[in-house]
Amino acid sequence: MNVLLAISHHAGIRIAEVGFLLFVIAGVWTAFAWAMPERLDRPFAGRRFRMIVAGILIAVAGVLLIIAAHWGKLFG
């Protein structure tokens, strides 16, 4: 089987670590989004914007973990 895209095991571990770090950042970001008061005078300080950023972080983390597991030989 020809492999067009391969990542070393060490690089796969690093990519997975970055993915998990993004999950942690998204969790903290979500906690702050609900703990901080709603600010309607600034457009990028509201709860909705913070939740969108947290969702994007979770999506990017998921993609990195898929890359690490599939091409990074993480489990084998």
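In this text the structure is predicted, and so the values were computed from the model without any measurement. (Residues numbered from 1 in each chain as written. Predicted model: local features only at pLDDT ≥ 70, side-chain atom pairs only at ≥ 80, totals over all residues. Heavy atoms only, no water.)

Let us now look at helix α1 (residues 9–35). With 27 residues, α1 ought to run about 39 Å at 1.5 Å a step, and its terminal C-alpha atoms sit 39 Å apart, in line with that. Of the residues making up α1, those classed as buried are Gly12, Ala16, Gly19, Leu22, Ala26 and Ala33. (Helix = DSSP H or I, 4+ residues; strand = E, 2+ residues; numbered from the N terminus. Expected span 1.5 Å × (residues − 1). Buried < 20%, exposed > 50% of the residue type's maximum accessible area, 1.4 Å probe, protein only.)

Attention now moves to the pattern of salt bridges. Under the criterion given, the structure shown has 1 salt bridge. Residue glutamate 17 is joined to arginine 14 by a salt bridge in which the shortest nitrogen-to-oxygen separation is 2.9 Å. Placement of both glutamate 17 and arginine 14 in helix α1 is noted, with a separation of 3 residues, approximately one turn of the helix. Exposure remark for arginine 14: the relative accessible area of 44% places this residue in the partly exposed category. (Salt bridge = Lys/Arg side-chain N within 4 Å of Asp/Glu carboxyl O.)

With that settled, the discussion passes to a nonpolar patch on the surface. Side chains of Leu21, Val24, Ile25, Val28, Phe32 and Met36 sit close together on the surface and give an oily, nonpolar patch of about 540 Å² of accessible area. On the secondary structure map, leucine 21 appears in helix α1. (Patch = residues over 30% accessible without salt bridge, like charges linked within 9 Å, V, L, I, M, F, W, Y side chains within 5 Å. Areas by Shrake-Rupley, 256 points an atom, 1.4 Å probe, with all protein chains shown as cover.)

Along the chain, arginine 50 turns up in helix α2 (residues 47–71). Excluding residues within four positions of it along the chain, arginine 50 makes contact with Trp29, Phe32, Ala33, Met36, Pro37 and Ala45. (Contact = heavy atoms within 4.5 Å.)

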